[in-house]
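Residue-level structural notes
Next come the chains, spelled out residue by residue.
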Amino acid sequence: MINFRPPETITRPSAGSSSVVTAEKALSFISKGWQEVRSSADADLQLIKNRANSFKNLADRELENFLNSASVSPFAVPAITASASTTPAEIDFVKRLRPKLSEIRRAYSSPEFKWPTQGKLRIDLSAIKNAIVAEVEEEEERERERERWRKWRRERLKEERQFGEFSWEPIKAFKTRLRELEVELMGSSSSPAEIFEGIKNSEFVVKVKSSLKSICKEPEETKGVPPLDVPELLAYLVRQSSPFLDQIGIRRDMSEKIVESLCSKGQSKLLLHSLPGGGSSLIDGEIMNDELDLRIASVLQSTGHCYDGGFWGDSTKKNLAAGDKRHVAIVTTASLPWMTGTAVNPLFRAAYLAKSEKQNVTLLVPWLCKSDQELVYPNQLTFSSPEDQELYIRNWLEERIGFKADFRISFYPGKFSKERRSILPAGDTSQFIPSRDADIAILEEPEHLNWYHHGKRWTDKFNHVVGIVHTNYLEYIKREKNGALQAFFVKHINNWVTRAYCDKVLRLSAATQDLPRSLVCNVHGVNPKFLKIGEKAAADRQSGQKVFSKGAYFLGKMVWAKGYRELIDLLSKHKAELDGFDLDVFGNGEDAHEVQSTAKRLNLNVNFMKGRDHADDSLHGYKVFINPSISDVLCTATAEALAMGKFVVCADHPSNEFFQAFPNCLTYKTPEDFVAKVEEAMSSEPQPLTPEEQYKLSWEAATQRFMEYSDLDKVLSSETSLDRRRWKGMGKSVSMPNLEEMVDGGLAFTHNCLTGNEFLRLCTGAIPRTRDYDKQHCNDLHLLPPQVENPIYGW
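Residues numbered from 1 in each chain as written. Predicted model: local features only at pLDDT ≥ 70, side-chain atom pairs only at ≥ 80, totals over all residues. Heavy atoms only, no water.

- By the naming in an unreviewed UniProt entry, the chain is digalactosyldiacylglycerol synthase, taken from Datura stramonium.
- Database annotation for the chain, UniProt heading Subcellular location (unreviewed entry): "Plastid, Chloroplast outer membrane".
- The UniProt entry for the chain carries the following comment under Sequence similarities (unreviewed entry): "Belongs to the glycosyltransferase group 1 family. Glycosyltransferase 4 subfamily." (UniProt positions renumbered as here; feature names shortened; annotations may be inferred.)

Written out as structure tokens, the structure is:
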């Protein structure tokens, strides 16, 4: 107990000495606090003792009641019969207890036993009391021990703060050894150079260096790798810079020749060091890119360099955890009821990708305001809301595929360009795919979507981006005024945007522009309804019925570029040879009046009718489909005519290469050959399709080809982001900077800067004020205004 001076003995301070009053208050506060702590501790101890006494009294009463109840039949335990409610454990307990009760009875019935004077049975429970008290004392001892430990830690921390040192023994020993070394060197009268040499050669420093060498041991396989020479460095630089060289007019084959020449001038034996067992020579007429990559990677690995990212890389790209369901977003440039290839084929692709239920699918289509809908959609069909148009699309699709496709349909703002006769996006299209769903993107017509794209880079937001080329834009542009010059610029712009925004590009046929990272594969099928029409026609023919009662026809949008120019030229040039040959033409379009007036002026046997669905019943009876177009990439109408079991007469052109394997496809090379093929088709009967040919035309086969050629099967089967890097072929070059990615990122950055300028957009043919969507789109799609969604300030 600390004795404090009573308050009245303290001299009252004067006005100038406030410190004495402060000390008096502090002592009074400490004394009061200590008294409260002591009172609380006494109360806790008293509570513990009361609880121990209560437990002791309770035990006394319970045992006394038990003995009193047993004295009714002097400790005679009745026979116990096992019942449903009596467990074996209870029976065993009573059996163990019975001998003890017998002993108690004998003890109390002996003559030597004397009852207590109080007349009550008392049992000594001191052992229980002692156990409880001992437990309480043990807990108090543990609390005192913890308090001593806290006090020791406080003193140690206070001492460490006072001396500014951490008293961990290894650190103290290290510091002590450094001080000794300092005293040893500074005590000698040596020059600074000698002192530095002594530090360098001291035992302590030598041990530290040996320890570090043992930790950072150089791999044996990296020893002896010769450095890169100048020709190798130049070859690697030229090969990685091929995207940029291609943009300035140096073709890809020319870049490969430069690389081959540089490598041939270098020391080929140096390259062989990176190959196991000497390997085969790198220079046997052509350079092996993979082996050059391995050579560069081995040299970088020998230096300890590790490259983890790109200069233009985006760290926000989504990494999926194992087990997450993948998501595929299909973005296209048209939508039903506009019956064009980019509206129909992406719709079927979404349905058949969703059919497997291995991944979630979203189809992103353009939404047009009512004024644009009246210009684009046939028969004055318009929609007041995106929900109405989505209902129309789903009903149209389910009538043709025969199953309910579980995928989502979303809309992005679009504007119709009368000059280009196509829909162009307004604003950043990528923002209409939520970040949580940004996994795999399929861009239908990637060059079209990205001509004026001003927003996030697709390959930064998505893990894998596949572009599918539908349209031969160069062929269309060449037909316009100053077409050659325009085609030159469009060719390089297409090359630019597809390289910057796509990981892989699929071209439906070789008729399209040769784009970077592209390959040719038909990933389109036909509507299942056409295959059923063909099956019915084959069954009717087998039963002896006449299937084809009409002659030849042509179906397509009535614009000159869709083959109408070629058709009129062929019919007018060989009017005499085709005397008596009538052709029915179905179609609507901007050039309808001009096409019809030209055919009428040339007095051609052509009957023009309004456009209709190719599956319409009125078209089933035609036997020959004529398509002279050479501007198509892969004509959907041609595939549909083959699926219905008709003859197809088409040009010998890369766009028709896929169809030439079918016996009913008759191709011609010259105008004279065209006349012969038409006469052959009109005078014979087409062959029914075999099951293999039907499957080749189906969307099941097209989806399988798409999964294989786009690497989507590998992407969907990968579990982590590391797996995705592996299938991309980056495993061997992860330790080297990829100049090709840097060039692609630079192209994307430059394109984004240029498309952000309204003046440059207008000069290149963009629709005015389409960098952002307008007020009408905000109302229709329930969007925030662009200035709210993308504020001007950047903080």
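After that view, the rundown keeps rolling.
Focus: the environment of Ile393
- Of note, Ile393 is situated in helix α14 (residues 386-401).
- With 16 residues separating them along the chain, Ile393 and Ile409 place their C-alpha atoms 9.2 Å apart.
- Sequence-distant contacts of Ile393, that is, excluding residues within four places in its chain, are made with Ser335, Leu336, Leu347 and Ile409. (Helix = DSSP H or I, 4+ residues; strand = E, 2+ residues; numbered from the N terminus. Contact = heavy atoms within 4.5 Å.)

Describing unusual backbone geometry
- The step from Leu336 to Pro337 runs through a cis peptide bond, and the omega angle for that step is 10°.
- Inspection of the secondary structure puts Pro337 in the loop between β1 (326-331) and α12 (341-355).
- Not every positive phi belongs to a glycine, and Gln380 is a case in point at roughly 55°.
- Summarising the element assignment, Gln380 is placed in the loop between α13 (370-376) and α14.
- If you check the backbone angles, Asn603 has positive phi at about 55° while not being a glycine.
- Checked against the element boundaries, Asn603 lands in the loop between α21 (592-601) and β11 (606-609).

Topic: the packing of aromatic side chains
- Enumeration according to the criterion identifies 20 aromatic pairs in this entry.
- An aromatic cluster of at least three residues, connected via ring pairs, comprises Tyr553, Phe554, Tyr564, Phe586, Tyr622 and Phe625.
- Over the ring of Phe407 we find Arg394; its NZ or CZ atom is 5.1 Å from the centre of that ring.
- Above the face of the Trp451 ring, Arg420 is positioned so that its terminal group lies 5.4 Å from the ring centre. (Phe/Tyr/Trp six-rings, centres within 6.5 Å; stacked < 30°, edge-to-face > 60°. Lys NZ or Arg CZ within 6 Å of the ring centre and 35° of its normal.)

A look at the pattern of salt bridges
- Per the counting criterion, the structure on display carries 22 salt bridges.
- Its salt-bridge partner being Arg148, residue Glu145 comes within 2.2 Å of it at the nearest N-O pair. Residue Glu145 and its partner Arg148 are located together in helix α3 (residues 126-163), separated by 3 residues, close to a single helical turn.
- Across the pair Lys415 and Asp774 runs a salt bridge, and its minimum N-O distance is 2.9 Å. Taken together, the residues span a long stretch of sequence, with Lys415 in strand β3 (residues 408-417) and Asp774 in the loop between α29 (758-763) and α30 (775-781) at a distance of 359 residues.
- Ionic contacts of the salt-bridge type, sharing partners, join the residues Glu141, Arg144, Glu145 and Arg148 into one network. (Salt bridge = Lys/Arg side-chain N within 4 Å of Asp/Glu carboxyl O.)

Details of the nonpolar core
- Residues Leu397, Phe407, Ile626, Val649, Phe674, Leu697 and Phe706 are the most contacted members of the largest nonpolar core, which totals 106 residues.
- For this core, the element with the most residues is α12, which contributes 9 residues.
- Setting aside residues no more than four positions away along its own chain, Leu397 makes contact with Leu347, Phe348, Ala351, Ala405 and Phe407.
- Residues Tyr412, Phe432, Val469 and Cys502 belong to the second largest nonpolar core, which totals 26 residues. (Core = buried A, V, L, I, M, F, W, Y, C linked by side-chain atoms within 4.5 Å. Buried < 20%, exposed > 50% of the residue type's maximum accessible area, 1.4 Å probe, protein only.)

A closer look at the sheet that holds β11
- Here we have 6 strands laid out as an open sheet, ordered β11-β10-β9-β12-β13-β14, and parallel in their pairing. The two strands at the open ends of the sheet, each matched to only one other strand, are β11 and β14 (665-668). Neighbour to neighbour, the strand axes of the sheet diverge by 25° on average, direction disregarded.
- Here 3 bridges tie strand β9 (residues 550-555) to strand β12 (residues 622-627), and the two strands are oriented parallel to one another. (Pairing = 2+ DSSP bridges. Axes fitted to C-alpha atoms, helices over the stretch in contact; angles between N-to-C directions.)

Here's the deal with the sheet that holds strand β8 (residues 518-520)
- Here we have 8 strands laid out as an open sheet, ordered β4-β3-β2-β1-β5-β6-β7-β8, and mixed in their pairing. At either end of the open sheet lies a strand with only one pairing partner, and these are β4 (422-425) and β8. The sheet shows a mean angle of 30° between the axes of neighbouring strands, direction not considered.
- With 6 bridges connecting them, β1 and strand β2 (residues 359-367) associate as parallel partners. Opposite His327, over in β2, you have Asn360 as the bridge partner.
- Sheet strands touched by helix α25 (residues 699-709): β5 (440-444), β6 (464-469), β7 (504-507) and β8. Its angle to β7, the strand with the most contacts, is close to 145°.

So, the pairing of β9
- Relative to strand β10 (residues 583-586), β9 is paired through 4 bridges, and the arrangement is parallel. The residue of β10 that forms the bridge with Phe554 is Val585.
- Viewed along the sheet, the connection from β9 through helix α20 (residues 564-573) into β10 turns out right-handed. (Right-handed = clockwise from strand over helix to strand, strands pointing away.)

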